[in-house]
Amino acid sequence: MLSNYLKIALRTLLRNKVYSFINIAGLAVGMAFAILIGLWVRYELSYDSFHKNGDRIAMIRKHNLFNHEKTTKIAVSLPVYDEIKTNYPEIKHVTRADWGNFHGLKVGESKFSKQGHFVDPDFLKMFDYPLIQGSIETVLKNPRSIVLTESAAKAMFKNADPIGKIVRVDNQHDMLVTGILKDIPKNSSLDFEFLMPFEFSIQSNEFYKSQRTNWRNNFLMVMVEVREGASMEAFSAKITNLIKIKTQNKKLGTLFAFPLNKWHLHNDFKDWINVGGRIDDVRLFGLIGLFVLFIACINFMNLSTARSEKRAREVGVRKAIGSQRKQLIWQFLCESLLVTFIAFIMSLVLIQLVLPLLKDFGFQHISFDFDNFPLILAALGVCIITGFLAGSYPAFYLSSYSVVNVLKGALTQGNKGSSPRKILVVTQFTFSIALIIGTIIIFKQIQYAKNRPLGYDPNNIISLGMTSDLLKNYQTLRQDLLNTNMVEAVCKSSSPPTAIWNQWDSFSWPGKDPNVVQIFSVIQTDFDYQKTLGMKMKAGRGFSREFATDSSAAIINEATLKIIGFKNPIGETIVLSDGDQDKKLRIIGVSENVVSQNPFSVVEPSITFFSADASGDISLRLKENVDVRKALKSIKTITNKYNPAYNFEYNFVDEEFGKKFKAEDQIGALAGIFSGLAIFISCLGLFGLAAYMAEQRTKRLESEKYWVHRF
């Protein structure tokens, strides 16, 4: 029986090549991109799933109430680690971690820039990052040890055994290689190329040493693993008021445990409530994938039912000789499944052709592995579901014909037959137009953020990461750069122009409400900051060597002025409390709100004050119309002179700012691609319907001409 169904299906396909091609092409494109979206969704959902104890791992996060606004941050204070490690028996492992910065690593005369974390020994006991060489118990025990990933070790030591070798870090510290890790999976929330003991930071950094008992300074991550059988929710509730209890200050924030399975997809908070995150994009594209597939199925339904008159006699004859309706339904479903299977094979080919073209749209780590049996089964499942979905309506519609009406030639489709097709076509284009409108809205939002005033001029600014050698030789470096006649201005600061690395709540001013905790973004810098960045001033001036008093000067932005409420801010004083000392800062300028962080958010209040010890970043502005390649060559020569342990690395500020739109640009581009596909598939189906209607009308006109000529 099945073989007969397949023979009839093949004959039908070959007899109607154009309509078969349209059906197969529409379904192939729909399934290809539905499977591609499914692969992307599967990849996003797989983040951190390789940690076998992932359900017991969490990050300690903090709810804050600053500026009458509820915010949630990742950074916590150093004493949190010691307190949890000592006084919470339900915790099996706990580790500190810094933010994973790039460091200069040197082996012999070879220099490398690698990203790594300072962590505690429990880190490798909590997370499943397998060691190729070394023991989990000992690799991070020695404060002067370093653990490399396989790729980093290969790049630095080639084919030699790296264990026991020395790596010089930041041209200051010699570290012993004690272990080699497998390369970190791409679907890991934590990414790094080396690990070093956090205890080494404590021993070598005076700042870290001074923060052992400071509960207010939040600058690191703390991650925990609860014991088997312990409740993560109960532990989270226990630590809620830990900071308030330790400091006897009810205005400070609350802690909670944020589970590992939410780090990647559910990372957004609003008013202390977890409101989603990247999961919104996953849901959006999952829905778009279903829409595209549904539109392709509607094409199949429309073309199958539109050509029903050609199949009517076949149905009538088969019913007359004893075929039951359910047999006819299965016959038409088998035809649908055959068409869908052919389309499925074509979709697999299409996926392999398209995937390389989508590497810049978030698909760089996604592939269709034919040796992945569960993946093949899932794709076949999509094929079968599509076949039944596309073939269900035609099967029930065609098998419903009355034998008497068919054989008498009384079958007419009329409005009754065409109305469902009209509804399906309208539904098709409704979905497609809705996708286009959504894409336009996304594009408009991105363009609005890109075109908003930045408060400074990011063009022609180069950012160099600060190192200890550059800081030590900064004044000489600065003068040499200016002497090239290619650089207009140079400054150093605690943060690069496209980020804010410090936020403080230690400022006060006349009229400040003592019951309100205000937090400000803080930038420490030196002379020429305003000139280098091209900051746009609303009032006053920037820091200048002509004024000796600028060593205690500050520049505030419009958001800060709104909070402190000075009517004439120039010359007014704000106070920075630093431990037992208060530092008075005189306001010399008010700048426009500078967009340094999230371009889609409101600019936070900021205070920029002069500090001769500012370190973190060097910014330099090139002169107009300068040859950039020649300028970079000169800058490289000078920088390497004072920074011999590091490779020359730089960023153009306008490009770094553009990277803030990367995720949104990808989402917008993908939405545009899939919306265009939906329109294409809809138009393909409409073309098929139009071609069929033209064919029917041609036959009718020929018949009418015949009878006109005859009579």
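Preceding block: the structure.
All of these numbers come straight from a predicted model, not from anything done at the bench.

Considering the overall build of the protein
Next, step 1: When its secondary structure is counted, the protein shows 22 helices and 27 strands.
Next, step 2: Per-residue burial over the protein gives 50% buried out of 711 residues.
Next, step 3: When contacts within the protein are restricted to residue pairs at least 6 apart in sequence, those whose partners lie at least 24 apart make up 77%.
Next, step 4: Counting only carbon and sulfur atoms, one obtains 56% of the accessible surface of the protein, whose full area is about 34,800 Å².

Quick word on the side chain of Thr-498
Next, step 1: You can see Thr-498 is positioned in the loop between β17 (487-493) and β18 (503-504).
Next, step 2: Not counting the four nearest positions on each side in its chain, Thr-498 is found in contact with Tyr-456, Ser-596, Val-653, Glu-656, Phe-657 and Lys-660.

Quick notes on the packing of aromatic side chains
Next, step 1: Counting across every chain of the model gives 30 aromatic pairs.
Next, step 2: With centroids separated by 6.3 Å and ring planes inclined at 55°, the aromatic side chains of Phe-127 and Trp-263 adopt a geometry described as tilted. Placement of Phe-127 in the loop between α4 (123-126) and β7 (131-133) and of Trp-263 in the loop between β13 (254-259) and β14 (268-270) is noted, with a sequence separation of 136 residues between them.
Next, step 3: With a relative accessible area of 2%, Phe-127 lands in the buried category.
Next, step 4: For Trp-263, a relative accessible area of 9% corresponds to the buried category.
Next, step 5: Judged by centre distance (5.9 Å) and plane angle (55°), the rings of Phe-207 and Tyr-208 are tilted.
Next, step 6: Judged by relative accessible area, Phe-207 falls into the partly exposed class, the value being 38%.
Next, step 7: Connected via pairs of aromatic rings, a cluster forms that spans Phe-50, Phe-123, Phe-127, Tyr-129, Phe-192 and Trp-263.
Next, step 8: Over the ring of Trp-509 we find Lys-512, and its NZ or CZ is 5.8 Å from the ring centre.

Looking at the environment of Ser-113
Next, step 1: With respect to the helices and strands, Ser-113 occurs in strand β6 (residues 110-119).
Next, step 2: Each C-alpha atom of the pair Ser-113 and Asn-101 lies 9.9 Å from the other, and the pair is twelve residues apart in sequence.
Next, step 3: For Ser-113, the residues in contact, after removing those within four places along its chain, are Phe-102, His-103, Asn-647 and Glu-649.
Next, step 4: In this structure the side chain of Ser-113 is engaged in a polar contact, spanning 3.2 Å, whose partner is the side chain of Glu-649.

Concerning unusual backbone geometry
Next, step 1: At Asn-171, a residue that is not glycine, the phi angle is positive and equals roughly 55°.
Next, step 2: Tracing the backbone shows Asn-171 in the loop between β9 (166-169) and β10 (173-181).

A few points about the side chain of Ser-77
Next, step 1: Mapped onto the elements of the fold, Ser-77 is located in strand β3 (residues 76-77).
Next, step 2: Among residues more than four places away in sequence, those in contact with Ser-77 are Asn-214, Trp-215, Asn-217, Asn-218 and Leu-220.

A look at the pattern of salt bridges
Next, step 1: Using the criterion set out here, one finds 23 salt bridges in the structure.
Next, step 2: The closest approach of N and O atoms between Arg-212 and Asp-82, which form a salt bridge, is 3.6 Å. Remark: Asp-82 occurs in helix α3 (residues 78-87) and Arg-212 occurs in the loop between α7 (206-210) and β12 (218-226); sequence separation between them is 130 residues.
Next, step 3: Residue Arg-212 is classed as partly exposed on the basis of its relative accessible area, which comes to 31%.
Next, step 4: The residue Arg-168 makes a salt bridge to Asp-174 at a minimum N-O spacing of 3.0 Å.

Some words on a nonpolar patch on the surface
Next, step 1: A surface patch of nonpolar side chains, amounting to about 290 Å² of accessible area, comprises Trp-330, Ile-384 and Phe-388.
Next, step 2: Mapped onto the elements of the fold, Trp-330 is located in helix α12 (residues 325-354).
Next, step 3: By relative accessible area, Trp-330 is classed as partly exposed at 47%.

Re the pairing of strand β22 (residues 553-557)
Next, step 1: By the criterion of burial, β22 is predominantly enclosed, with five of the five residues buried.
Next, step 2: The two faces of β22 match: Ala-553, Ile-555 and Asn-557 on one face and Ala-554 and Ile-556 on the other face are all buried.
Next, step 3: As paired strands, β22 and strand β24 (residues 581-591) are joined by five bridges and run parallel to one another. Residue pairing in the sheet places Ala-554 in a bridge with Ile-587 of β24.
Next, step 4: Summarising the sheet, β22 and strand β25 (residues 606-610) pair through three bridges and their orientation is antiparallel. Within β25, the position partnered with Ile-555 by the bridge is Thr-608.

What counts, and at which threshold
Residues numbered from 1 in each chain as written. Predicted model: local features only at pLDDT ≥ 70, side-chain atom pairs only at ≥ 80, totals over all residues. Heavy atoms only, no water. Helix = DSSP H or I, 4+ residues; strand = E, 2+ residues; numbered from the N terminus. Buried < 20%, exposed > 50% of the residue type's maximum accessible area, 1.4 Å probe, protein only. Contact = heavy atoms within 4.5 Å. Areas by Shrake-Rupley, 256 points an atom, 1.4 Å probe, with all protein chains shown as cover. Phe/Tyr/Trp six-rings, centres within 6.5 Å; stacked < 30°, edge-to-face > 60°. Lys NZ or Arg CZ within 6 Å of the ring centre and 35° of its normal. Polar contact = N/O pair within 3.5 Å; in protein donor to acceptor, adjacent residues only side chain to side chain. Salt bridge = Lys/Arg side-chain N within 4 Å of Asp/Glu carboxyl O. Patch = residues over 30% accessible without salt bridge, like charges linked within 9 Å, V, L, I, M, F, W, Y side chains within 5 Å. Pairing = 2+ DSSP bridges.

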